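Observations on the model geometry
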Amino acid sequence: MPLHAQYIDFLKPLLVGATFLTAIYGVGKILNLLLAPMFSPLNDLPGPKSSSFLFGNFREIFKADTGELHKKWATEYGNTLAYRVLLNRHRLMTFDSKALSHVLNHSYLWQKPEEVRTSLAQILGEGVLFAEGDSHKRQRRIMNPSFSLSYIRELMPIFHEKSQQLRDIWLTHAAEGGGTYRTDVLAWLGKATLDIIGLAGFNYEFNALNPHGEENELNSAFTTVFQGSQRFTILNFLRAFVPPLRLIPTSQSRGIANAGKVMSRIGRRLVDEKKKAILAAAVAQGKYGSEGAQIEKSSITTRDLLSRLMAANMATDLSENQRLSDEDVLAQIPTFLVAGNETTSTAMAWCLYGLCRDLAIQDKLRDELLSLATDTPSMEELNSLPYLDGVVRETLRLYAPVSATTRVATRDDVVPLGTPFTDKKGRLRHEIVVKKGDTIFIPIFPLNTYKGIWGDDAEEFRPERWQQVSEKAADVPGVYSGTLTFLGGPRSCIGYRFALVEFKCLLFALVRAFRFELADPSTEIIKKSSIVTRPVLKSEVEKGNQLPLKITPWRGA
């Protein structure tokens, strides 16, 4: 018998055995998925009935306005409940502050689900938002100084410059249009915040703000990423949960992939230019030996985010556990370009929407802003304006850019409750037993507008509420203002202080200079979420995210 035939005969039983074991493993996984809901301790929690074995309650959630169905369920079933997700598996949801604090503060145990991390990686790269455990802790420690108040104070000229540049562009358009300028403010605000994060984070001028509003390629990439589909498609839904389906290209996946290439290319260019500048400085200072440039961490004195990242990448006096690889550095750039741009521009757009719906609030805010006799107030001067602070807090409470998030238990856990509930078997429960693999819905927007905390007017835009804050808000485990807008615990938003000051600078420049009015009836404007919750016109959903406003120069400005 030829040697190759003997080899094939030898492999046959191995291949059969491997196939059999693979089949057994696959059947086991499927049985686990199918049977786990039947034996889950979450089965005893109250909650809505599943409307589909395959999709659970996902279809109803997608069809409803952002967060509204979750609030409805809390009203019907209580503050702690479970609903169904893919293959009828349970998902825990609770408004209980003690339970949420436990989950958010045990970030090694409760992590982002794999499907969420995969989706984030496609859009934001494998940066600090993607990382978990020790990797996240190390990355965050390196970047924290770039978001300190002392550094943010140094960024005030950038915030003011770009805010005033946007103001001046709108003034020019209003003059050309006979006194009023109708425009999509969301698009303009995105360009302003992109320029701000470019300069403040990477010491780079993207020049997205320009008089004629031309798109640059990075801004176009963001539009592609965040122009989320407005209809439920089975394939796009399943791709998040079934990895092999990600091999099937869709128009959405191709668009996101192309946008990712743009961000990756720009990120690499930023890193290469920064690296050349650091090496040139080392050579100029005579710090060059037989092993190349000798770069000390302390010699990189600029404090923008990219400089911090490059110091951790290039400094020769750092231990290995303090270093970032080239891949680590590159992964952070799309993360902060997107996170530092989209969230603030979206929040600012929703703020202008709120001010348009109640012109008395807008006028009161403008009067306070005009009380400062300067175009470039310091951070301390901005923070001394109580009504401005109330408007910002109320915007971020009522219009949180990210409406919700999820976490998965990496091992069995018992979640404590501040307020007990009665399960479906009539038992009073003081804690929730969860198994490894169970997920929890973190209800950012639903909790921010929960009447049990904020009162009967919880869904109204009322900045005055911050003059006497609800005592119940103090129990919410968020890092900012009794809300979950920036989350809480070790995974709270690293750049929230940066965002707050940037937000106030934009408001200061724009509301002092203009009167804003809705260009379409408020009933036309709805919320749609694609990572961030953005405004859409009900009659023009196919046009994607937009907020058309009428802008008129303020006569007293």
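Another point: the packing of helix 12 (residues 251-284) against helix 14 (residues 326-357). At a closest axis distance of 9 Å, the pairing of helix 12 and helix 14 adopts a crossing angle of 120°. Overall, the two elements helix 12 and helix 14 adopt an arrangement that is oblique. Between helix 12 and helix 14 lies a crossing of right-handed hand. Taking contact as the criterion, the partners of M263, G267, R268, L270, V271 and K275 in helix 12 are, on helix 14, D326, V329, L330, I333, P334 and V338. Among the residues making up the contact of helix 12 with helix 14, the classes are represented as 8 nonpolar, 1 polar and 3 charged.

A few words on the environment of R84. With respect to the secondary-structure elements, R84 resides in strand 1 (residues 80-84). In this structure the C-alpha to C-alpha distance between R84 and F55, which are 29 residues apart in sequence, comes to 7.8 Å. Beyond its immediate stretch of four places on either side in the chain, R84 contacts P37, N43, S50, F55, G56, N57, F58, R89 and H90. A polar contact is formed between the side chain of R84 and the backbone oxygen of N88, at a distance of 2.8 Å.

It is worth spelling out the sheet that holds strand 14 (residues 548-553) at this point. Reading across from one edge, 4-14-11 is the order of the 3 strands in this open sheet, with antiparallel pairing throughout. Because the sheet does not close on itself, it has two edges, and the strands there are strand 4 (181-184) and strand 11 (514-518). For this sheet, the mean angle separating the axes of adjacent strands, direction not counted, is 35°. As paired elements, strand 4 and strand 14 share 4 bridges and run antiparallel to each other. Paired with T183 across the strands is L549, a residue of strand 14. Contacting strand 11 and strand 14, helix 20 (residues 496-513) runs over the sheet at an angle of about 85° to strand 11.

What follows concerns the nonpolar core. In terms of nonpolar packing, the biggest core is built from 108 residues, with W170, F202, L355, L507 and F516 touching the most fellow members. Counting residues per element, this core draws most heavily on helix 14, at 15 residues. Beyond its immediate sequence surroundings of up to four residues, L507 is in contact with M348, C351, L355, L369, L388, V391, V392 and R512.

A word on the sheet that holds strand 10 (residues 439-442). Taken together, 5 strands build an open sheet; the order of strands is 1-2-10-7-3 and the sheet is mixed. The sheet is open, and its two borders are formed by strand 1 and strand 3 (110-111), each paired with just one other strand. Relative to strand 10, strand 7 (residues 405-409) is paired through 4 bridges, and the arrangement is antiparallel. In the strand pairing of strand 10, V408 is matched with T439.

Applying the stated criterion across every chain yields a total of 28 salt bridges. Where R153 meets E380, a salt bridge forms, and the shortest distance between an N and an O atom there is 2.8 Å. Highlighted residues: R153 in helix 7 (residues 149-154) and E380 in helix 16 (residues 379-383), separated in sequence by 227 residues. Note that D389 is salt-bridged to K504, the shortest N-O span being 2.9 Å. Highlighted residues: D389 in helix 17 (residues 386-398) and K504 in helix 20, separated in sequence by 115 residues. On the basis of relative accessibility, which here comes to 5%, the residue K504 falls in the buried class. Three or more residues are tied together by salt bridges with common partners; here these are D44, D423, K425, R427 and R429.

If you walk through the whole model with that rule in mind, you get 18 aromatic pairs. Pairing W170 with F514 gives two aromatic rings, centres 5.9 Å apart and planes at 65°, and the pair type is edge-to-face. Taken as a pair, W170 in helix 8 (residues 156-176) and F514 in strand 11 lie far apart in primary sequence, 344 residues in all. Taken together through their ring pairs, the aromatic side chains of F147, F159, F336 and F498 make up a single cluster. For the cation-ring pair, K191 lies above W188, with the distance from its terminal atom to the ring centre recorded as 5.0 Å.

Conventions adopted
Residues numbered from 1 in each chain as written. Predicted model: local features only at pLDDT ≥ 70, side-chain atom pairs only at ≥ 80, totals over all residues. Heavy atoms only, no water. Axes fitted to C-alpha atoms, helices over the stretch in contact; angles between N-to-C directions. Helix = DSSP H or I, 4+ residues; strand = E, 2+ residues; numbered from the N terminus. Parallel < 35°, antiparallel > 145°, perpendicular 65-115°, else oblique. Left-handed = near helix turned anticlockwise from the far one by under 90°. Contact = heavy atoms within 4.5 Å. Nonpolar A, V, L, I, M, F, W, Y, C, P; charged D, E, K, R; others polar. Polar contact = N/O pair within 3.5 Å; in protein donor to acceptor, adjacent residues only side chain to side chain. Pairing = 2+ DSSP bridges. Core = buried A, V, L, I, M, F, W, Y, C linked by side-chain atoms within 4.5 Å. Buried < 20%, exposed > 50% of the residue type's maximum accessible area, 1.4 Å probe, protein only. Salt bridge = Lys/Arg side-chain N within 4 Å of Asp/Glu carboxyl O. Phe/Tyr/Trp six-rings, centres within 6.5 Å; stacked < 30°, edge-to-face > 60°. Lys NZ or Arg CZ within 6 Å of the ring centre and 35° of its normal.

Nothing here speaks to function; it is all geometry.
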